[in-house]
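Read off the chains here:
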Amino acid sequence: MTKEEQNYAEASLDNTELEALATLMKRVFDIRDRKYGFPAKTYKKCFVGNEAVKKMLDEEIAGDEEDAVRIGNMMLNAGVFHHVLDEHPFENKYLFYRFTSDEDHGTTARKPDGSAVSWADFVSPVTLAHDPLMTLQPEIPERDPELAAFLQVDLKACGISPLDEHNVRLLDNVHPKEWLNPTPKSNYNLVVIGAGAGGLVSAAGAAGVGARVALIESNLLGGDCLNVGCVPSKALLRCAKVAALVRNASAFGVNIHGNVSVDFSFIMERMRRLRASISPVDSAKRYSEQLGVDVFIGKGTFTGKNTIEVDGKTLSFAKAVIATGGTAAVPNIPGLQEAPYLTNATIFNLTEMPSRLGVIGAGPIGLELAQAFQRFGSQVTVFSRSDKILPKEDPDAARIIETSLRRDGVTFAFYANYKRVESRNGMSPVTIVLEDDNGERSMEFDALLVATGRKPSVKGLGLESAGVLYDERMGVTINDRAQTTNPDIYAVGDVASKYQFTHTADFMARLVI
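Cut-off values and rules
Residues numbered from 1 in each chain as written. Predicted model: local features only at pLDDT ≥ 70, side-chain atom pairs only at ≥ 80, totals over all residues. Heavy atoms only, no water. Helix = DSSP H or I, 4+ residues; strand = E, 2+ residues; numbered from the N terminus. Buried < 20%, exposed > 50% of the residue type's maximum accessible area, 1.4 Å probe, protein only. Areas by Shrake-Rupley, 256 points an atom, 1.4 Å probe, with all protein chains shown as cover. Lys, Arg positive; Asp, Glu negative; His and termini not counted. Charge placed at Lys NZ, Arg CZ, Asp CG, Glu CD. Pairing = 2+ DSSP bridges. Contact = heavy atoms within 4.5 Å. Axes fitted to C-alpha atoms, helices over the stretch in contact; angles between N-to-C directions. 1 Å grid on protein atoms, 1.4 Å probe; cavity = no way out; pocket = protein on both sides within 12 Å on 5 of 7 lines; lining within 4 Å. Points joined across faces, edges and corners; volume = space filled by probe spheres on them. Nonpolar A, V, L, I, M, F, W, Y, C, P; charged D, E, K, R; others polar. Right-handed = clockwise from strand over helix to strand, strands pointing away. Phe/Tyr/Trp six-rings, centres within 6.5 Å; stacked < 30°, edge-to-face > 60°. Core = buried A, V, L, I, M, F, W, Y, C linked by side-chain atoms within 4.5 Å. Salt bridge = Lys/Arg side-chain N within 4 Å of Asp/Glu carboxyl O. Expected span 1.5 Å × (residues − 1). Polar contact = N/O pair within 3.5 Å; in protein donor to acceptor, adjacent residues only side chain to side chain.

Engineer: I'd love a proper account of the overall build of the chain, names of residues and values included.
Structural biologist: For the chain, the count of helices and strands is 15 helices and 26 strands. Its C-alpha atoms give the chain principal-axis dimensions of roughly 90 × 55 × 50 Å. Counting the 513 residues in the chain, one finds 48% classified as buried. Of the roughly 24800 Å² of accessible surface on the chain, 52% is carried by carbon and sulfur atoms. Within the chain, the 66 negative side-chain charges are centred at a point lying 2 Å from the centre of the 55 positive side-chain charges.

Engineer: Which residues make up the sheet that holds strand β16 (residues 356–360), and what are the values?
Structural biologist: Here five strands make up an open sheet; going across it, the order is β15-β22-β16-β17-β18 and the pairing parallel. Unpaired on one side and paired on the other, β15 (341–342) and β18 (411–413) mark the two borders of the sheet. As judged from the two bridges shared by β15 and strand β22 (residues 447–450), these two strands associate in the parallel manner. In the strand pairing of β22, L342 is matched with L449. Those strands touched by helix α12 (residues 364–376) are β16, β17 (379–383), β18 and β22, and its axis lies near 165° from that of β17.

Engineer: Give a detailed account of the side chain of K185, specifying residues and quantitative values.
Structural biologist: Here K185 is to be found in the loop between β7 (179–180) and β8 (188–193). Taking relative accessible area as the criterion, K185 reaches 15% and is therefore assigned buried. Filtering out sequence-adjacent residues up to four positions away, K185 remains in contact with E103, D104, R212 and D294.

Engineer: Hey, could you go over the layout of surface pockets for me, with residue numbers and the actual values?
Structural biologist: Volume-wise, the second largest pocket comes out at about 1300 Å³. Lining the second largest pocket are 42 residues, with A78, G79, V80, F81 and T100 sitting closest to its centre. For the lining of the second largest pocket, the secondary structure elements donating two or more residues are α2 (15–28), α4 (65–77), β3 (81–83), β8, α7 (197–208) and α11 (284–290). At six residues, α2 tops the list of elements feeding residues into the lining of the second largest pocket. Of the residues belonging to the lining of the second largest pocket, the class tally is 16 nonpolar, 17 polar and nine charged.

Engineer: Give me the pairing of β17: which residues, what numbers.
Structural biologist: When you tally the buried positions in β17, you get four out of five residues, the bulk of the element. Each parallel crossover has a hand, and the one from β16 via α12 to β17 is right-handed. Read as a crossover between parallel neighbours, the route from β17 over helix α13 (residues 395–408) to β18 is right-handed.

Engineer: Give me the lowdown on the packing of aromatic side chains, citing residues and values where you can.
Structural biologist: Overall, the coordinates contain 20 aromatic pairs when judged by the stated rule. Ring plane angle 45° and centroid distance 5.3 Å describe the contact between F47 and F99, whose orientation is recorded as tilted. Separated by 52 residues along the polypeptide, F47 in strand β2 (residues 41–48) and F99 in strand β4 (residues 96–99) bring together distant segments of the chain. Plain terms: the ring middles of F383 and Y418 are 6.3 Å apart, the flat faces sit at 55° to each other, and that makes the pair tilted. On the criterion of sequence distance, the pair formed by F383 in strand β17 and Y418 in strand β19 (residues 418–424) is long-range, its members being 35 residues apart. Members of the aromatic cluster, each reached through a chain of ring pairs, are F29, F47, F81, F90, Y97 and F99.

Engineer: How would you explain the environment of L57 if you had to name every residue and give the values?
Structural biologist: Position of L57 among the secondary structure elements: in helix α3 (residues 49–58). Taking the C-alpha atoms as reference points, L57 and D67, separated by 10 residues in sequence, lie 9.2 Å from one another. Among residues more than four places away in sequence, those in contact with L57 are A62, G63, D64 and E65.

Engineer: Before we move on, could you go through the nonpolar core and cite the residues and values that matter?
Structural biologist: By size, the foremost hydrophobic cluster in this structure holds 34 residues, and its most contacted members are V213, L215, L221, Y287, V293, V295 and V321. Of all the secondary-structure elements, those providing two or more residues to this core are α6 (165–174), β8, α7, β9 (213–217), α11, β10 (294–297) and α15 (502–512). Apart from the residues lying within four places of it in its own chain, the contact partners of V321 are L190, V191, V192, I193, S202, Y490, V492 and V512. A235, L236, V380 and A447 belong to the second-largest nonpolar core, a separate cluster that totals 31 residues.

Engineer: Please give an account of the pattern of salt bridges that cites residues and values.
Structural biologist: In this structure the tally under the stated criterion is 27 salt bridges. R454 is the partner of D494 in a salt bridge, and the nearest nitrogen-oxygen pair spans 3.5 Å. With D494 in the loop between β26 (489–491) and α15 and R454 in strand β23 (residues 454–456), this pair connects stretches of sequence that are 40 residues apart. The exposure class assigned to D494 is buried, which follows from its relative accessible area of 15%. On the basis of relative accessibility, which here comes to 13%, the residue R454 falls in the buried class.

Engineer: Can you explain α4? Please cite residues and give values.
Structural biologist: Helix length check: α4, at 13 residues, gives a terminal C-alpha distance of 18 Å against a target of 18 Å (1.5 Å per residue), a fit within 8%. Here α4 has its buried residues at D67, A68, R70, I71, G72, N73, M74, M75 and L76. If you check the start of α4, you find a side-chain oxygen 3.2 Å away from the backbone N of E66, and it comes from D64.

This is the structure:
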């Protein structure tokens, strides 16, 4: 067979054919624990290269030894199996290989009956979706010049609630209650810290071309987009748009007789259901079992230029990607920390609609949620430190959006000079006290949303030990190839880019791979 014919044969095998051939090989190869070396070391679930060649000939998978080696390397390059220790081609020798599906990539702990441990096991009984009582409390433009001084939201402290059947499903996928981290491999081609959009694309892309990959996440796989960003917010916006369309139906010749009511509890349940239904795509199970990525649940900290520690174990890597994203930044307004404020990380936990909602911040996140809650029936007031909304966007576009929000009933408080925030022993209602030339004036709300920007998550990563330069306001310093000051480490997404969008993180990850 010529080189061209060999390349064609490899290219002509689609995923279905590869899977069928892998299944046949697993059935006929002698896969078992083997020992080698002095002192002897056990290598679990392995087969031997020269024994596999003989089996391929016996089973007529290959026509001759050369053909068997070619097929073996084709499967190895496709990531079906690999040498147990090194980046090593498939050879007709006494070498140990292991199927990727037999690797220890991490797994959910099992109960005595063999079923997987679930978050549902820790609630008795699991609440119905409409029950608001049970909650879970586990834990483009330039950035704001004062961002470094802002406090930063701890996502672990925010939690996911209520713990209904939808959120149980979500958590079982993106943060299993008891996850058994794998035994680290001797060396990884790529270690990714952070499992948001940028981290997941980095891990999946590298694993797809045969790299040995580890993925580290301390909170929720899927990051902001799945859990507290794109998915839940757009689910709410869709419902808000329908509510507005129905109220304005007469403009289209459709007359609604009677009152139009909004079931906020149902809207939030729908959001949780949709979010949970999407979550298997970003799940620990998918990345470990289907993509062959070693998934570690825990806090990752760099301990050297090519090492990172998680769960007390050290992972060595050739390359790494920092994809820890960012979280809500909270301004230093007296009394705010003691008040029960919301951010994008907690507003989607609501089960009851606040009658009066205050929004500190007139950027995209604050405004889209302001309009949604106004359309649901809340009376919303948006506070801006300047005389405009969306100060980083085109002024004409911002005026159109302001007109639309005013039409919905949203009110605005411009030139807001915050004196303090008051609450009653940390409970609602919340009062914002403003100060101007005429003195103080107060505005009371049932809920307060803080949407004053996002801060890159760079603290506690051990970046100094890795030789990675960063700034608390701007994030990790990178070049045009997303490379940090350590040439073996890259950074993608909100932790390094001023363009804080999911598709930007996706593109940066693809650039790195």
